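Survey of secondary and tertiary structure
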Amino acid sequence: MGEDGERIFKTMHIAIDARMYYIHGGHGRYLRELIKNLEQLDTANQYTIILKPEGAALYFPQNPNFKTVITKTHWYTLGEQLAFARLLNKLNADLAHFPHWNVPLLYRRPFVVTIHDLILRAYPHSAVSTRNPLLFWIKYLGFRIVLRHALTRAVHIITISNATREQIFESYPELLTQITVIQQAASPTVISTEPSEGGRVEKSTDNAKPNLLYIGTAYPHKNLPFLLHAFHQFGIRYGRTHQLILAGARSIFYDRLLATDNAKTLLESGDLLYLDGPDDATLETLYQNATAVICPALIEGFGLPALEAASRGVPVIASRIPAFVEVLGDTAAYFNPHDIESLIAALHAVCHPERVRLGGRVEGPHPSLISRSRQFSWRRTAEETIKIYRALND
């Protein structure tokens, strides 16, 4: 304690693995917002931010206690286990923070790890990979080993939701490491991290229908074939009153999805639009013009697109899974992600002709959604993270 009774903390050298800083999606957003707010809040500790060249081109420290180190080592590689581990050990940090489970097995100093989800553990099947099945199972075994190491060797585990914490408890009931839930938040605007030409349109259309929006990848757990089937049946049953927009980076999973019969039929009729890698301005326009955002996933760690939609007052139609219920509370229109009729009913409830007009929502932003989104704060995320750093420094 100081003379006035105020607690004095010994300064620390904290290394943050920010190699995913530049990527789209939850991990990149988490790193960008966490580091930005740590810079604003923590003027005592020394930070080393480890970036790939793509991230270093985007990040310029504003706090003199923050410095950068650049590595070309990619995640999920042998180099991560060897060269990256050597780099980390040379830094000799008091504490390292890994924002994902991919902690090098040879790193032996104290570390905190953030676990976003256990989706790969929940879907241990080669269908979620583009790799040869034998190679996939070899990589999957490596994943299981590295994940267990991260969970058991960490001095503290951060999860982004209670849903993820429960996934960990169910999968590793013997785990003794302390777990703290520190939730994410919606950003005021969608952050641009890569050069873009605004998003390539799979099939252009002059369709003036109000639209429903999905933002994200086409990985199997995202449940997009289910969504297309339900949307197609919704149009047959209640009229083709809306257009569905899928917005996400092109991948083999999107290629497979867009080659399905339902997708071909919807694309040809103009009822489906695919946007490849839309930039931040395009995403913002999509959010603002959407009748609703649809989140049909079977499992999630948090659900940032859902929360970002809510922060803009855009109605959310979401699968009733723990992560979405935790984030959205009673403000979403929920459905059973295994029941087509359940999703059709939710679509009908939100898209009833009396509630929508061409080009957008009649009722404007929904106050309850905006109020719900304000319960989450990136500043609070950083504050709670700093508390963990300090607690481990006692």
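Quick look at the structure, then. (Residues numbered from 1 in each chain as written. Predicted model: local features only at pLDDT ≥ 70, side-chain atom pairs only at ≥ 80, totals over all residues. Heavy atoms only, no water.)

Concerning the overall build of the chain
Within the chain one finds 16 helices and 16 strands. Classification of the 394 residues of the chain by burial places 55% in the buried group. Of the roughly 17,600 Å² of accessible surface on the chain, 54% is carried by carbon and sulfur atoms. (Helix = DSSP H or I, 4+ residues; strand = E, 2+ residues; numbered from the N terminus. Buried < 20%, exposed > 50% of the residue type's maximum accessible area, 1.4 Å probe, protein only. Areas by Shrake-Rupley, 256 points an atom, 1.4 Å probe, with all protein chains shown as cover.)

Focus on unusual backbone geometry
Residues other than glycine seldom take positive phi values, yet Tyr76 does so here, at roughly 60°. On the basis of relative accessibility, which here comes to 37%, the residue Tyr76 falls in the partly exposed class. The phi angle at Asn92 is positive, at roughly 55°, despite the residue not being glycine.

Brief notes about the side chain of His100
Along the polypeptide, His100 turns up in the loop between β4 (95–98) and β5 (111–115). Side chain to side chain, His100 and Trp101 meet in a polar contact 3.3 Å long. When near neighbours in sequence (up to four residues on either side) are disregarded, His100 contacts Met20, His27, Tyr76, Val113 and Thr114. (Polar contact = N/O pair within 3.5 Å; in protein donor to acceptor, adjacent residues only side chain to side chain. Contact = heavy atoms within 4.5 Å.)

Quick look at the pattern of salt bridges
Where charged atoms of side chains with opposite charge meet at close range, the side chains can pair. Inspection of the entire model under this criterion finds 14 salt bridges. Of the charged contacts in the structure, one is a salt bridge between Asp271 and Lys209, with a shortest N-O distance of 2.6 Å. Pair noted here: Asp271 is in the loop between α10 (261–269) and β11 (272–276) and Lys209 is in the loop between β8 (200–201) and β9 (211–215), with a separation of 62 residues, a long-range link. Look at Asp271 and you get buried, because its relative accessible area is 5%. (Salt bridge = Lys/Arg side-chain N within 4 Å of Asp/Glu carboxyl O.)

Some words on the pairing of strand β10 (residues 243–248)
Counting buried positions along β10 yields six of six residues, so the element is predominantly enclosed. Burial along β10 is two-sided: Gln243, Ile245 and Ala247 facing one way and Leu244, Leu246 and Gly248 facing the other are all buried. Regarding the hand of the β-α-β motif, the stretch spanning β9, helix α8 (residues 224–238) and β10 is right-handed. (Right-handed = clockwise from strand over helix to strand, strands pointing away.)

Structural notes on a nonpolar patch on the surface
Where nonpolar side chains cluster on the molecular surface, the patch consists of Leu78, Leu82 and Leu106 and spans about 310 Å² of accessible area. Take Leu106: it is sitting in the loop between β4 and β5. (Patch = residues over 30% accessible without salt bridge, like charges linked within 9 Å, V, L, I, M, F, W, Y side chains within 5 Å.)

Some thoughts on the packing of aromatic side chains
Summed over all chains, the structure comprises 16 aromatic pairs. Taking 4.7 Å as the distance between ring centres and 40° as the angle between the ring planes, the aromatic pair formed by Tyr254 and Tyr274 counts as tilted. With Tyr254 in helix α9 (residues 252–258) and Tyr274 in strand β11, this residue pair connects regions lying 20 residues apart in the sequence. By the burial criterion, Tyr254 is buried, and Tyr274 matches it. Put simply, the rings of Tyr76, Trp101, Trp137, Tyr140 and Phe143 pair up and form one aromatic cluster. For Arg19, the ring lying beneath its charged end belongs to Phe84, and the centroid distance is 3.9 Å. Over the ring of Trp75 we find Lys52; its NZ or CZ atom is 5.6 Å from the centre of that ring. (Phe/Tyr/Trp six-rings, centres within 6.5 Å; stacked < 30°, edge-to-face > 60°. Lys NZ or Arg CZ within 6 Å of the ring centre and 35° of its normal.)

Quick word on the nonpolar core
Among the nonpolar cores identified, the biggest contains 62 residues, and Ile16, Leu38, Tyr47, Ile49, Leu213 and Leu328 are the most heavily contacted of them. Leu328 has contacts with Ala306, Ala310, Val316, Ala318, Tyr334 and Arg372, leaving out every residue within four places of it along the chain. Counting 32 residues, the second-largest nonpolar core is a separate cluster that includes Leu224, Leu227, Leu272 and Ile344. (Core = buried A, V, L, I, M, F, W, Y, C linked by side-chain atoms within 4.5 Å.)

Remarks on the sheet that holds strand β1 (residues 13–17)
Spatially, β3-β2-β1-β4-β5-β6-β7 is the arrangement adopted by the seven strands of the open sheet, whose pairing is parallel. Each edge of the open sheet carries a strand with a single partner, namely β3 (66–70) and β7 (179–181). Between one strand axis and the next, the sheet turns through 20° on average, direction left out of account. Across three bridges, the pairing between β4 and β5 is parallel. Following the sheet pairing, Ala96 is matched in β5 by Phe111. Where helix α1 (residues 26–41) meets the sheet, its contacts fall on β1, β2 (46–51), β3, β4 and β5, and the angle it forms with β1 comes to roughly 160°. Each of β1, β2, β3 and β4 touches helix α4 (residues 83–91); the most contacted strand, β2, lies at about 165° to it. (Pairing = 2+ DSSP bridges. Axes fitted to C-alpha atoms, helices over the stretch in contact; angles between N-to-C directions.)

Considerations on the side chain of Lys222
Here Lys222 shows up in the loop between β9 and α8. Classification of Lys222 as buried rests on a relative accessible area of 14%. The contact partners of Lys222, leaving out residues within four places of it in the chain, are Tyr214, Thr217, Pro296, Ala297 and Glu300.

What to know about the pairing of β11
Buried residues dominate β11, accounting for five of its five residues. Every second residue of β11 is oriented toward a common face, with Leu272, Tyr274 and Asp276 on one face and Leu273 and Leu275 on the other, all of them buried. Pairing geometry for β10 and β11, over five bridges, is parallel. Residue Leu246 lies in a different strand from β11, and its bridge partner there is Tyr274.

Let's talk about the environment of Ile321
Turning to its location among the elements, Ile321 is positioned in the loop between β13 (316–319) and α13 (322–328). Along the chain, Ile321 and Pro296 lie 25 residues apart, while their C-alpha atoms are 9.4 Å from each other. If we ignore the near neighbours within four places in the chain, the residues touching Ile321 are Ala297, Leu298, Ile299, Glu300 and Pro337.

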